[in-house]
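One letter stands for each residue in the lines below.
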Amino acid sequence: MKFNATLENIITYEAGKPIELVVREFGIEPKDIVKLASNENPFGCSSKVKEAVVNIVSKMALYPDDSMFKLKDALGQRYKVQTDNLIIGSGSDQVIEFAIHAKASSKSKILMNSITFAMYEIYAKHVGAEVIRTASQEHDLDEFYALYLREKPEMIFLCTPNNPTGDAIDSKKLFDFLSKIDSDTLVVVDGAYMEYAIAKDENKKVDPKELIEKFDNVLYLGTFSKAYGLGGMRVGYGISNSKIIKELYKLRPPFNITTLSLEAATVAINDEEFVKKSVISNFEQMKRYEEFANIQKIDIIESYTNFVTLCLSGTQNSTKLSNELLKKGMIVRDLSSYGMNAIRVTVGTAEQNSRFFELTKELI
Ligand SMILES: *Cc1c(COP(=O)(O)O)cnc(C)c1O
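Treat the numbers as computed from the prediction; the structure is a model and nothing was measured.

1. Focus on the overall build of the chain
Stage number 1. Looking only at helices and strands, one finds 14 helices and 13 strands in the chain.
Stage number 2. Taken over C-alpha atoms, the radius of gyration comes to 20 Å for the chain, in line with the 21 Å a tight globule of 364 residues would show.
Stage number 3. Across its three principal axes, the chain shows a C-alpha extent of roughly 55 × 55 × 55 Å.
Stage number 4. Per-residue burial over the chain gives 53% buried out of 364 residues.
Stage number 5. Across the chain, every contact between residues at least 6 apart in sequence was considered, and the portion connecting residues at least 24 apart equals 74%.
Stage number 6. Carbon and sulfur atoms make up 51% of the accessible area of the chain, which totals about 17100 Å².
Stage number 7. Taking the average location of the 45 positive side-chain charges in the chain and that of its 50 negative ones, the two points are 2 Å from each other.

2. Digging into the nonpolar core
Stage number 1. One finds Leu 75, Ile 156, Leu 158, Leu 211, Phe 224, Val 345 and Phe 356 to be the most contacted residues of the largest nonpolar core, which totals 80 residues.
Stage number 2. Counting residues per element, this core draws most heavily on helix α12 (residues 272-296), which supplies eight residues.
Stage number 3. Apart from the residues lying within four places of it in its own chain, the contact partners of Leu 211 are Phe 175, Leu 178, Val 189, Val 206, Val 218 and Tyr 220.
Stage number 4. Core analysis: the next-biggest nonpolar cluster, separate from the first, contains 27 residues, Phe 98, Ile 122, Ala 129 and Val 188 among them.

3. Quick notes on the site of the ligand
Stage number 1. Neighbouring the ligand are 13 residues, the closest being Asp 190, Thr 223, Ser 225, Lys 226 and Arg 234.
Stage number 2. Asp 190 is positioned such that a nitrogen or oxygen atom in its side chain is 2.6 Å from a nitrogen atom of the ligand.
Stage number 3. Ser 225 has a polar side-chain atom sitting 2.6 Å from an oxygen atom of the ligand.
Stage number 4. Considering the ligand on its own, with 380 Å² of exposed area, one finds that the protein chains cover 94% of that surface.
Stage number 5. Residue composition of the shell around the ligand, by class: four nonpolar, five polar and four charged.

4. Examining the domain arrangement of the chain
Stage number 1. Here the chain is partitioned into domain 1 (5-45 + 273-363) and domain 2 (47-271).
Stage number 2. When each unit is reduced to the centre of its C-alpha atoms, the spacing between domain 1 and domain 2 is 24 Å.
Stage number 3. At the interface, 30 residues of domain 1 touch 38 residues of domain 2.
Stage number 4. Where domain 1 abuts domain 2, roughly 2800 Å² becomes buried across the two surfaces, and 65% of that area is made up of carbon and sulfur atoms.
Stage number 5. Three residues, Cys 45, Tyr 304 and Tyr 338, lead the burial of domain 1 against domain 2; their summed loss comes to 26% of the area buried on that side.
Stage number 6. Linking domain 1 to domain 2 there are 13 residue pairs in polar contact (both at pLDDT 80 or more).
Stage number 7. For the side of domain 1 that touches domain 2, the secondary-structure elements that each account for two or more residues are α12 and β10 (307-311).
Stage number 8. Among the elements that make up the side of domain 1 that touches domain 2, the one with the highest residue count is α12 (seven residues).
Stage number 9. A class-by-class count of the residues in the side of domain 1 that touches domain 2 yields 14 nonpolar, 12 polar and four charged.

5. Brief notes about a nonpolar patch on the surface
Stage number 1. Residues Met 1, Phe 3 and Leu 7 make up a contiguous nonpolar surface patch of roughly 430 Å² in combined accessible area.
Stage number 2. Tracing the backbone through its elements, the reader meets Leu 7 in the segment before α1 (19-26).
Stage number 3. Given the relative accessible area of 45%, Leu 7 is considered partly exposed.

6. Some thoughts on helix α10 (residues 242-249)
Since the α-helix packs 3.6 residues into each turn, any two residues three or four apart lie on the same face.
Stage number 1. Within α10, burial applies to Ile 244, Ile 245 and Leu 248. The arc that holds the buried residues of α10, viewed along the axis, is 100°, so those residues lie on one side. Facing away from the buried side of α10 by more than 90 degrees, the exposed set consists of Lys 243 and Lys 246.
Stage number 2. The inward-facing, buried residues of α10 contact β2 (86-89), α4 (92-103), β6 (186-190), β7 (218-223) and β8 (236-240).

What counts and how
Numbers given to residues run from 1 along each chain, matching the order in which its sequence is written. For this predicted model, a pLDDT threshold of at least 70 governs which residues receive local features, and a threshold of 80 or more governs which side-chain atom pairs are given and counted, while totals over whole chains, interfaces and linings are taken from all residues. To obtain the side-chain values, all non-hydrogen atoms of the structure were included, while hydrogens and water were left out. Comment: elements are numbered from the N terminus, with helices defined as DSSP H or I runs of at least four residues and strands as E runs of at least two. C-alpha atoms define the radius of gyration in this analysis, and the globule rule sets the expected value at 2.2 Å times the number of residues to the power 0.38. With a 1.4 Å probe rolled over the protein chains alone, any residue whose accessible area is under 20% of its type maximum counts as buried; one over 50% counts as exposed, and the rest are partly exposed. Residues are treated as being in contact if the distance between any of their heavy atoms lies within 4.5 Å. The accessible surface values rely on the Shrake-Rupley method and a 1.4 Å probe; as for residues, cover is taken only from the protein chains in view. Only four residue types enter the tally: Lys and Arg on the positive side, Asp and Glu on the negative side, with His and both chain ends excluded. Every charge is mapped to an atom, namely NZ of Lys, CZ of Arg, CG of Asp or CD of Glu. Side-chain atoms within 4.5 Å are what join buried Ala, Val, Leu, Ile, Met, Phe, Trp, Tyr and Cys residues into a set we call a nonpolar core. Definition of nearness: a residue and a molecule or strand are near each other if at least one heavy atom of the residue lies within 4 Å of the molecule or strand. A 3.5 Å cut-off defines polar contacts: any pair of N or O atoms within that distance qualifies, except that in protein one atom must be a possible hydrogen donor and the other a possible acceptor, and neighbouring residues in sequence count only when both atoms are side-chain atoms. For this scheme, ten residues count as nonpolar: Ala, Val, Leu, Ile, Met, Phe, Trp, Tyr, Cys and Pro. Four count as charged, namely Asp, Glu, Lys and Arg, and the remainder, Gly too, count as polar. An automatic or database domain assignment provides the domain bounds reported here. Note on definitions: buried area is the accessible-area loss of two parts on being combined, 1.4 Å probe, summed for both. Excluding any residue in a salt bridge, patches collect residues exceeding 30% relative accessible area, merging like charges within 9 Å and nonpolar Val, Leu, Ile, Met, Phe, Trp and Tyr side chains within 5 Å. Throughout this description, the term salt bridge denotes a Lys or Arg side-chain nitrogen within 4 Å of a carboxyl oxygen of Asp or Glu. What the arc describes is the spread of directions from the helix axis to the C-beta atoms.

Structure (structure tokens):
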């Protein structure tokens, strides 16, 4: 059977290995498996969210509120934006999909960082768009600008902090860059880890309200999957000019967010204390990774997120190391598919991190 030719070059996204797979493949007990592969919150989510979800289970027979009023209201208050500046997706992944489908076609170019979130390219390929990448490992906005002038892309993706490297763009530099981009180019600013970046360095803070007030061609993305600990609920959001939001809405399937997910996200955004505690622990624990890397003579990229990228040296091999760790029940992310001899490790609880150090020390 012949399929749409644009599918031929698409490599299916490889998600972090689930715990269930390690149980099946290696016969390890679930309690002995540590997953530090998908940047999930090691403390789970707010207990208030759990209570709220249990209380709303009786509503499962009814379709969700498709206006998403409560969640949009909560997000609107948090970011001081209007309801028509917001779109909710099944993960911010879905908002990325809407944005690319709304703006790009097989004649378009989409500019992104050399190493960045893999889904941008996958969705770009859905529409047959050409992906243009910078050469530098970290976002170099001068290079972005030179490529923008040369290639005239339809869209630009900036991921700050960036996944899978953890570095972040200075907001002043970001705003300077955006002021030089013409208003017909859609710039997506993906802030999936912004809660972490803000806590570490105010200079990295990107305020979506300020962003959309200054620029009418920018779409900001946020998610409940990382700091809020709701990866399993699949809720993300886009914040933009109401005209852009209106176009994205044309692509949204009805009822794309479940009743349980809407409730979970609404309660989560109002429990700031939980996020604050998670972020504090994250950076305390991250110091241990820095010390570990230092002692083991492994390069570590300074991270503004809840993960660290450990760059291995010549004789060490990231694929081999991550496979060996996997056999011992430790799931991390091998970055060889990004062309890096590196592993990405989510900062876990103190105990999970100790286990990682113990196992890795033995293996390298
Ligand atoms: C995790 C992540 C997302 C989106 O995750 P969802 O679970 O789909 O909300 C988006 N961008 C980056 C860079 C991420 O790391």
